[in-house]
Structure formats: structure tokens, C-alpha cells
Amino acid sequence: MPHPTVANRMALVRPRQALILAGWCAAGAAAAQEAPMIEVVVTAQKIAQPASKTPLSLSVIGSEELRQAGATNAVALTELAPNVQISTDSGKLQVAIRGVVSLDTGEKGDSSTAFNVDGAYVGRTEAQLGAFLDLERIEVLRGPQGTLYGRNATAGAINLITNKPGPRLEGRVDTDIGDYGARRAEAMLNVPVNGALALRAAATAVRRDTYLRPGPNTVGLENQDDNAARLHALFTFSPATSWLLTAERSKSGGNGGSTVPLTNFFSGAPIAGGNNLADPVYVDRGARAQLTAASRFINSDTHKRDVASSLRSEFKTTLGAVDLTYQLARLRAEVDQINNGTYFGFPLYSVVRGESTQLTHELRLNSAGKSALSWVAGLYHFDEEIFRASTYNTQTPGPLITVPFRPEVHSGSKAAFGQATWRLGDKLRVTAGARATRDEKSGHDPLSGSATGPGYSARVESAKSNFRLAADYDMLPAVMLYGSVSTGYKAGGFNDTSGSGYKPENIVSIEGGVKGRFLGNKLRLSAAAFHYDYKDMQLTSVVCAGAGTAANCGALTTNASSANIKGVEVEGSYAATPDDRVTFSAATADGKFNAYQPVAGRDWSGQQIDRAPAYNASLGYAHTFALESGASVAARVGTRLNGAYFLSDSAAAVRYRQPSYRKSDASLGYTAPSQRYFVQAYVRNIENTVTIESLLPGGFGLGAPRTFGLRAGAQF
């Protein structure tokens with residue numbers, strides 16, 4: 001594992017130098033490539049192509065890697081992909097990629113990362129937190145994806161690809177037990193009914209007690225009680241024509257969100273009339289103190305019962321030299337939460353109920369077969385209706401202060417897109433793509449934080465054209481260099497207390513990289529350098545009117561600043577022998593505000609943006625002991641080093657700095673002959689490092705402490 005001083009120096013490597021170095025290594029190492037390559041096929045660019053020939057920053061995480069990591073939802077991707085940080089805020093997902101993130105997880109906000117399941121967009125952040133179930137792979141695309149994925153993809157895209165029905169009768173059962181009362185079970189059954197129809201059903205249930213120590217509390221603290229189920233039906237009418245129908249339901253349950261006080265991690269005097277500490281300084285008080293919910297919570301009915309139900313239809317056929325795909329998806333997300341916290345030093349509980357319904361259509365055409373020109377083009381339509389009934393209740397020494405909201409929000413988006421790649425000879429390819437998008441969002445709330453109104457009515461519209469220009473070149477048969485210029489756009493919106501609007505945010509990205517296999521196919525390596533011009537950043541914070549009391553505060557999103565972000569990423573694996581495998585990654589992200597004063601008299605110009613560690617790196621090693629019986633024993637160990645990052649309240653001009661840290665994992669497993677069954681013992685976060693991962697008024701949401709357990713499974 002690199003020493004922290006080495007990792008700090010990595011942040012100073014210039015992107016051009018990194019690419020020259022990577023290309024030089026590629027040229028020197030690739031001469032030994034003679035063995036056939038084992039390729040991972042991805043659909044990151046809406047067509048099937050090898051990951052090593054996809055000219056963008058892309059991490060592919062397969063089902064076995066997810067299983068080894070114990071990944072039960074998207075939060076686990078923080079440990080599995082470079083320059084990615086994922087956390088939760090009161091049961092809603094917050095995704096940061098290369099420092100680009102949206103913290104507005106309410107009904108008026110949108111994520112900065114396009115989150116998709118089998119190509120269908122999932123707009124609500126509470127629906128993105130569903131349990132992982134029977135996945136083939138996950139694709140994490142870093143960098144703006146405005147051309148093929150459209151609006152709200154300034155950070156990138158996360159694609160969950162599920163296992164589809166196959167031609168064999170097969171089944172699998174996996175179980176997991178661990179400390180903190182952890183229990184998990186997953187089952188899958190694949191049934192080929194006949195030559196034209198195959199079914200695949202899967203279900204999972206995940207339980208876990210709270211990681212937090214109760215302190216003075218007798219009410220339930222945040223835990224996990226999730227389940228999910230999916231049924232695929234695949235109709236195959238001919239080799240070129242198929243129809244996939246999917247029904248899926250997931251529930252995120254357990255107790256509602258709960259936080260720990262700011263003083264568990266920082267010293268500093270409370271700011272009068274607010275929810276922050278003045279000039280906070282990190283103090284390592286140890287995991288026991290950090291995990292203690294030392295503030296008293298008052299609502300004993302705390303719960304989370306968020307349900308997402310989706311129906312998807314995907315029809316594919318070939319029309320001569322053109323492949324046609326039409327996807328229709330409907331997602332209904334229901335929210336039912338009572339969360340505990342603190343506000344202005346007093347106990348707070350929030351009641352959030354409501355539902356949303358989104359409908360998406362995508363009609364896509366792409367070239368079939370191999371020719372000098374390959375292309376994809378399509379039309380997209382998105383429509384969403386959201387209703388919420390929420391109250392934020394603060395128990396002061398006097399009367400209970402209740403701040404009510406009852407918004408109805410409608411969002412719509414229409415787009416036309418296309419991307420084409422020209423092959424100029426055997427080695428050079430040039431790609432050009434564009435997307436034209438028109439968005440509108442309207443909302444009405446008769447309360448908007450006051451029981452007597454007057455509320456607000458608001459409507460915003462925006463139109464944007466995004467583009468991508470790229471070129472890639474085969475230095476050697478298994479080594480590709482690429483460069484690109486691409487743009488991304490996140491739609492504008494309005495605030496829930498006043499209806500005041502904010503503008504879209506935009507990113508222009510310049511990226512170059514190398515991908516390849518070296519040393520006789522033993523080494524798989526990809527490296528990239530990037531530079532962002534990030535304009536009109538949308539920052540969200542809690543803002544209080546006038547003197548500021550619990551009765552006149554609300555979330556406010558503004559176009560706070562522009563920024564520049566640059567960095568380098570390297571990831572890969574090395575199969576030293578058939579039984580020894582090393583995996584590694586290293587990344588930097590130098591993200592700085594340009595001219596920015598969050599409040600009068602406080603200047604953050606040139607300071608590091610939030611959730612953008614200067615570096616992160618990982619190193620893993622696995623050895624397999626082959627037994628004469630055909631069984632095997634596998635030992636794995638890995639560690640991840642993460643640089644310091646900030647969580648900020650821009651409205652109060654207060655920044656909390658999480659210092660750099662390391663988390664390590666280890667496992668030992670036995671697999672029976674023919675992989676009929678397996679059993680594995682594991683421990684995660686050996687150091688018991690507790691990190692702050694989300695900032696709420698008066699408190700923090702935390703990452704997981706050290707955990708251990710036993711996993712077993714069988715298949716036929």
C-alpha cells in the first residue's frame with residue numbers, strides 16, 4: 001500500500017505526464033501478448049463492446065467481486081471503484097464521482113449521477129438504495145455522460161445489469177450471518193420453459209441491527225431491514241427478436257435515520273442560533289465514542305418503509321442492417337419515514353410520506369454487423385409526478401415547533417441523441433455524438449414551511465445540447481489510447497420554501513487514457529487523466545430566515561460557484577500465476593473552488609470542494625489453493641487508503657474535514673468440487689475506522705465500523 005506521502009505526491013502528477021508514462025509502459029510490456037484475451041463485454045455506450053475497447057473511464061464489477069465484498073446496496077461501491085464516494089442521508093442515496101455530487105435528495109432535487117437498472121433510469125434517490133439482487137455486473141462510468149445518458153449525469157452513470165433468463169435449469173441459494181445481528185439470504189431459480197420462453201426469479205432479504213450505541217436513547221436507532229424480488233420473462237421469437245418483461249419490487253425498511261452529534265468527531269463551540277460548530281477541529285475520540293448517539297431522540301415510532309415497484313419491457317429485433325430496441329419502464333416509489341435528529345440543539349423528528357411515479361420511453365436504433373461506420377441513435381421521454389406530505393418537528397422547552405410541507409412536483413424531459421464511430425483504417429477510430437434535451441419542472445406547495453401559507457407555485461424550463469468528441473487508437477493489438485472532449489448538464493430547479501429558481505449546472509471534460517493487457521495477458525491495466533471546467537455548481541444547505549429559529553428554516557439550493565477538477569486514475573489486476581491475483585487502483589482528484597464566498601467575509605476561493613479526496617488507492621491479493629479432490633481454498637486480503645475530504649454547510653460557512661484513513665478486509669473460503677457449495681469467513685474494516693459520510697443539521701451520518709461474519713451458498 002502506498003505510504004500517504006507517496007499518495008500525496010501522486011496528486012501532483014500532471015495528466016499529460018501520466019498518459020505518456022502509461023503509454024510508454026504499454027509499449028514496453030505488450031510484446032509478450034500471445035494468449036487469447038478474456039474480455040468483459042459492457043453496454044456503457046448503449047451497444048455491446050469489450051470494456052478494454054470502450055474509450056472512457058469505466059469500472060466493471062462482476063457478480064463474484066460483489067459477493068466477495070459483501071455488497072448489498074450501492075453504498076458498497078465506494079470501496080470498489082476509484083474516485084467514487086457514496087453515502088446515505090435519511091434513507092436516500094448520495095453519489096459523488098470525482099467530487100461532483102448533488103445533496104438535494106428531496107422531491108425537488110435530482111441526483112448528479114444517472115442511476116440505471118437494465119437501462120431504465122431510476123430518478124428518486126430513495127429508490128436507488130434498493131438491495132442488490134442477482135446482478136451480472138455493475139458498470140461505473142466516471143465523467144459527464146450528457147450524450148448517451150442525458151440530463152443529470154454530470155458526475156457519471158451507474159448501470160446495474162441483472163442476470164437474464166438462460167437456457168439451463170439452475171438455482172442458487174446464498175446465506176450470510178455476522179455481528180450486529182446481520183443476516184442475509186438470496187435465492188435464484190432459472191427455468192427454461194420451452195424454446196421460446198425462459199423465466200428467472202430471484203429474491204433477497206437483508207437484516208442488520210444498528211451500528212450506533214444508544215447513549216441516552218431508548219428509541220430504535222437506524223438499522224436495516226430490506227428485501228427485494230424480481231421476475232424476468234424472456235420471450236425469444238427468433239435469433240434476432242426477443243421481448244424481456246420484468247417485474248421488480250424492493251423495500252428499504254427498519255428504523256428511520258438517526259445521527260451522532262458533531263462533537264463526537266470535532267471540538268468547537270456551538271454557533272448560537274444554528275446547527276454547527278465554530279472553527280471545528282477533528283479529534284479522534286475512538287470508535288466507541290464516535291458511534292454513540294449522545295443526543296436524546298424523542299419519537300419512538302421511528303421507522304423507514306420505502307417501497308419501489310417497477311415494471312419494465314424491452315423489445316429487441318433486427319431490421320436488415322439495423323438493430324432496434326424499445327424500452328418502456330414504470331417506477332412507483334413510496335416513502336414512509338420517521339427520522340430522529342437534532343435541530344438548534346433540541347430533539348427533532350421528521351415525518352416524510354408520499355409517493356412518486358415515473359414513466360420512461362426510449363427508442364433506440366443502432367448499426368448491426370461490422371462496417372467502417374457504427375452508430376446508435378434514439379429518442380427519449382421521461383415523465384414524473386411526485387407528492388410529499390412532510391413535517392419537521394422540533395421539541396423546544398416551550399411548544400413543539402412544526403414546519404409543514406405538502407408539495408406536488410412534476411418533471412418532464414424529452415431528448416433526441418446519436419453517436420457514430422468511424423473506423424479510419426485498422427487502428428484509428430473517431431467518435432462524435434450529440435444530444436438535444438428539453439426539460440421542464442413545475443411545483444406547488446400551499447404550505448411551504450408554514451401552516452398558514454402562502455406557499456409557492458413555480459415552473460422552470462431549460463434546453464441544452466451536449467456533445468462528445470473522441471478518438472481512440474490501437475498502439476498494439478491489445479493496447480488502446482484514447483482522448484475525448486465531452487459535456488454534461490444537470491437540470492435547474494426551484495426551492496421548496498420560496499419557489500426561487502436556480503440554473504442548470506454544466507461540465508466540460510477533457511480526458512485521455514490508455515487501456516490494455518500486458519505481460520502475456522497477465523496484467524490488465526487502464527489509466528486516465530481528466531480535467532473539468534465545472535460551471536454553476538448547485539450547492540444545497542439549510543438556510544434560516546431572519547434571526548434564525550427552528551420555525552423559519554429550509555433547504556436552499558443555489559448556483560454557488562464554478563470549479564476546476566483534475567486528476568489521474570489507474571486500476572487493474574495482475575495474475576502472477578494461475579493461483580495468485582493482485583488487484584490495484586490509485587486515483588487523484590484535485591478539485592478547487594474558483595472565486596467563491598459562501599457568506600460575506602468568508603472566502604473559499606481556491607479551497608478543496610466537498611467529497612473530493614485528494615487521493616485514494618487500493619491493493620488486494622488473493623491466493624487459491626487447489627485440492628486434489630477438485631475443491632479449492634481461497635484466501636483474500638485487501639486495503640484501501642483514502643485521502644481527507646470535506647463535508648460543508650455553505651450557508652453557515654463551516655467545513656468539517658474527515659482526515660485520511662485506511663480500511664482493510666480479509667476472507668478465507670472453501671469451494672467444493674464443481675462449485676456445488678461454498679463457505680467463507682470474512683472480516684471488513686479491520687482497523688475499525690469510523691468515518692463521517694453525510695452532514696445533517698446538528699449531526700453526522702456514519703460509515704460502517706468493523707464487521708465480521710460467515711457466508712455460505714449452494715447451487716445446482
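Source: prediction; values computed, not measured.

(A) Broad picture of the sheet that holds strand β8 (residues 135-142). A sheet is described by the order of its strands in space; here 5 strands give the open sequence β3-β8-β9-β6-β7, paired in mixed fashion. Each edge of the sheet is formed by a strand with only one pairing partner; in this case those strands are β3 (58-62) and β7 (120-121). In terms of strand pairing, β3 meets β8 through 5 bridges, oriented antiparallel. By the bridge assignment for β8, serine 59 is matched with valine 140.

(B) View of a nonpolar patch on the surface. Together, Leu373, Trp422, Leu424, Leu428 and Tyr473 give the surface a local cluster of nonpolar side chains, amounting to about 440 Å² of exposed area. The residue leucine 424 is located in strand β23 (residues 408-424) in this model.

(C) Quick look at the confidence of the model for the chain. Residues of the chain with pLDDT of at least 70 account for 93%, and the chain-wide mean is 90. No element of the chain has a lower mean pLDDT than helix α1 (residues 4-10), at 37, and none a higher one than strand β17 (residues 281-282), at 98. Taken together, the stretch residues 1-37 has pLDDT below 50 and engages in 57 contacts with residues farther than four places along the chain or on a different chain.

(D) Inspection of the pattern of salt bridges at higher detail. Here the structure, examined in full by the defined rule, presents 43 salt bridges. Among the ionic pairs, lysine 53 bridges to aspartate 474, the shortest N-O distance being 3.0 Å. Linking lysine 53 in the loop between β2 (49-50) and β3 with aspartate 474 in strand β25 (residues 456-476), this pair joins segments that are 421 residues apart in sequence. By relative accessible area, which is 24% here, lysine 53 ends up partly exposed. Across the pair arginine 142 and glutamate 569 runs a salt bridge whose closest N-O atoms are separated by 2.9 Å. Separated by 427 residues along the polypeptide, arginine 142 in strand β8 and glutamate 569 in strand β31 (residues 553-577) bring together distant segments of the chain. For arginine 142, a relative accessible area of 4% translates into the label buried. If you follow the salt bridges from partner to partner, you end up with Glu64, Arg67, Asp134, Arg168, Glu170, Arg172, Asp174, Arg184, Glu186 and Arg200 in one network.

(E) Structural context of unusual backbone geometry. Here the bond from glycine 453 into proline 454 is cis, since omega is 15°, no more than 30 degrees from zero. Located in the positive-phi region is lysine 46, a residue other than glycine, with phi close to 70°. The residue lysine 46 is located in the loop between β1 (41-42) and β2 in this model. When its relative accessible area of 14% is taken as the criterion, lysine 46 is described as buried. Even without glycine at this site, aspartate 536 takes up a positive phi of about 55°. Relative to the helices and strands, aspartate 536 is located in strand β30 (residues 523-544). Note on aspartate 536: relative accessible area 26%, which makes it partly exposed.

Definitions and limits used
- Residues numbered from 1 in each chain as written.
- Predicted model: local features only at pLDDT ≥ 70, side-chain atom pairs only at ≥ 80, totals over all residues.
- Heavy atoms only, no water.
- Pairing = 2+ DSSP bridges.
- Helix = DSSP H or I, 4+ residues; strand = E, 2+ residues; numbered from the N terminus.
- Patch = residues over 30% accessible without salt bridge, like charges linked within 9 Å, V, L, I, M, F, W, Y side chains within 5 Å.
- Areas by Shrake-Rupley, 256 points an atom, 1.4 Å probe, with all protein chains shown as cover.
- Salt bridge = Lys/Arg side-chain N within 4 Å of Asp/Glu carboxyl O.
- pLDDT = per-residue confidence, 0-100.
- Contact = heavy atoms within 4.5 Å.
- Buried < 20%, exposed > 50% of the residue type's maximum accessible area, 1.4 Å probe, protein only.

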